[in-house]
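Fold and geometry: a report
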Amino acid sequence: MILVGLTGGIGSGKSTVSALLAARGAVIVDADQVVRDVQRPGSPVLAKMAERFGPQVIAEDGSLDRAAVAAVVFSDPEALKDLNKIVHPAVGAEMNRQVMAELSTDHVVVMDIPLLTENPREGLQAVIVVDVDPEVQVQRLVGGRGFAEDDARARIAKQATREQRLATATHVVDNSGTLDDLAPQIDRLWVELTALPQLPPDWEMPAPKPKDA
Ligand code: ADP
């Protein structure tokens with residue numbers, strides 16, 4: 001296994017790059033997807049959230065009511081900490097499980113993590129950053145994903161800056177051009193990723209550094 005990270009600001013094109021890597025044979029471990037999976041109806045995580053925040057965080061169909069959770073944690077930092085304490089360990093364990101299931105293969109495993117710069121990880125052999133000007137992020141979020149411009153700008157402002165993200169990169173994908181401009185970059189990137197050394201079969205995932213509780 002070759003283990004790398006992929007990140008980028010919201011609307012940078014991270015999901016687009018992830019799909020292009022998957023098309024070349026990468027196994028994607030998708031943090032957003034794992035968050036949704038661990039909060040699926042009937043999950044222990046969802047039960048703990050209802051216990052802490054009240055039954056209104058579970059919708060009638062048994063799924064998570066994200067707006068209800070957001071309303072609780074928005075103005076209450078303690079509640080946000082508690083939410084992270086419930087969700088993060090489950091997400092971390094499931095992501096590690098998916099990665100370790102690939103250890104004895106020769107696959108390139110891509111951990112697709114939106115907030116990788118904000119929450120750095122040990123053990124990655126490369127960090128791929130999808131880079132665009134923040135104004136392009138705004139345009140694509142508004143034009144391609146139906147965001148209101150204010151909302152797009154507010155979300156970008158909450159994330160790491162372009163410079164902070166680039167400082168963590170070993171590989172940069174420039175997504176300021178067209179989708180057609182991406183393919184040759186991903187071809188070159190794929191050559192570089194597949195040339196990285198295979199991790200040994202007894203490799204272990206480094207323990208996460210303790211974060212402020
Ligand atoms: P992220 O996963 O980083 O939030 P996406 O991959 O969803 O971003 O891309 C944001 C939007 O911009 C999507 O609608 C996507 O189709 C579009 N997009 C991505 N790359 C380009 C590009 N090079 N040119 C035009 N639109 C793009």
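To be clear, the structure that these remarks concern was listed above.
Read on for a plain summary of the structure. Nothing here was measured: the structure is a model prediction, and the numbers come from that model. (Residues numbered from 1 in each chain as written. Predicted model: local features only at pLDDT ≥ 70, side-chain atom pairs only at ≥ 80, totals over all residues. Heavy atoms only, no water.)

Quick notes on helix α4 (residues 66-74)
Keep this limit in mind: For each residue, the accessible area found with a 1.4 Å probe, counting protein chains only, is set against the maximum for its type, and the residue is called buried under 20%, exposed over 50%, and partly exposed in between. Think of it this way: any DSSP run of H or I at least four residues long counts as a helix, any run of E at least two long counts as a strand, and we number them from the N terminus. What the arc covers is the set of directions going from the helix axis to the C-beta atoms. Residue contacts are defined here by distance: any two heavy atoms, one from each residue, within 4.5 Å place the two residues in contact.
What α4 keeps buried is the set Ala68, Val69 and Val73. For α4, the angular spread of buried residues about the axis comes to 120°, placing them on one side. Within α4, the exposed residues directed more than 90 degrees away from the buried face are Ala67, Ala71 and Phe74. Residues of α4 that are buried in the fold lie against α3 (44-53) and α5 (77-100).

Some details on the environment of Thr170
Tracing the sequence through the fold places Thr170 in the loop between α8 (162-167) and β5 (171-174). In this structure Thr170 comes out as partly exposed when scored by relative accessible area, which is 49%. Linking Thr170 and Val129, residues 41 residues apart in sequence, is a C-alpha distance of 7.9 Å. Thr170 has contacts with Ala126 and Val127, leaving out every residue within four places of it along the chain.

Remarks on the site of the ligand
Using the following cut-off: Summary of the distance rule: residues count as near a molecule or strand when at least one heavy atom falls within 4 Å of that molecule or strand. Polar contacts, as counted here, are pairs of nitrogen or oxygen atoms within 3.5 Å of one another; within protein the pair requires one atom able to donate a hydrogen and one able to accept it, and residues that are adjacent in sequence qualify only if both atoms are side-chain atoms. Working definition of accessibility: Shrake-Rupley area with a 1.4 Å probe, residue cover restricted to the visible protein chains. Three categories are distinguished: nonpolar for Ala, Val, Leu, Ile, Met, Phe, Trp, Tyr, Cys and Pro, charged for Asp, Glu, Lys and Arg, and polar for the others, with Gly belonging to the last.
Around the ligand, the structure places 15 residues, and the nearest of them are Gly11, Lys14, Ser15, Thr16 and Asn175. In the model, an oxygen atom of the ligand is placed 2.5 Å from a nitrogen or oxygen of the Ser15 side chain. Within the complex, 78% of the 560 Å² of free accessible area of the ligand lies under protein. Elements supplying a minimum of two residues to the shell around the ligand: α1 (14-23) and α6 (134-145). Among the residues forming the shell around the ligand, the class breakdown is 2 nonpolar, 10 polar and 3 charged.

Focus on the packing of α6 against helix α7 (residues 149-158)
How we decide: Axis lines are fitted through C-alpha atoms, for helices just across the contact stretch, and the angle between N-to-C directions can take any value from 0 to 180 degrees. The cut-offs work like this: below 35 degrees is roughly parallel, past 145 is roughly antiparallel, 65 to 115 is roughly perpendicular, and the gaps in between are oblique. Put simply, a crossing is left-handed when the front helix is turned counterclockwise from the back one by less than a right angle, and right-handed when it is turned clockwise.
Viewed as axis vectors pointing N to C, α6 and α7 meet at an angle of 135°, and their least axial separation amounts to 9 Å. Comparing their axes, α7 and α6 come out oblique. Every pair of crossing elements has a handedness; the one defined by α6 and α7 is right-handed. Here Pro134, Glu135, Gln137, Val138, Leu141 and Val142 of α6 come into contact with α7, specifically with Glu149, Ala152, Arg153 and Ile156.

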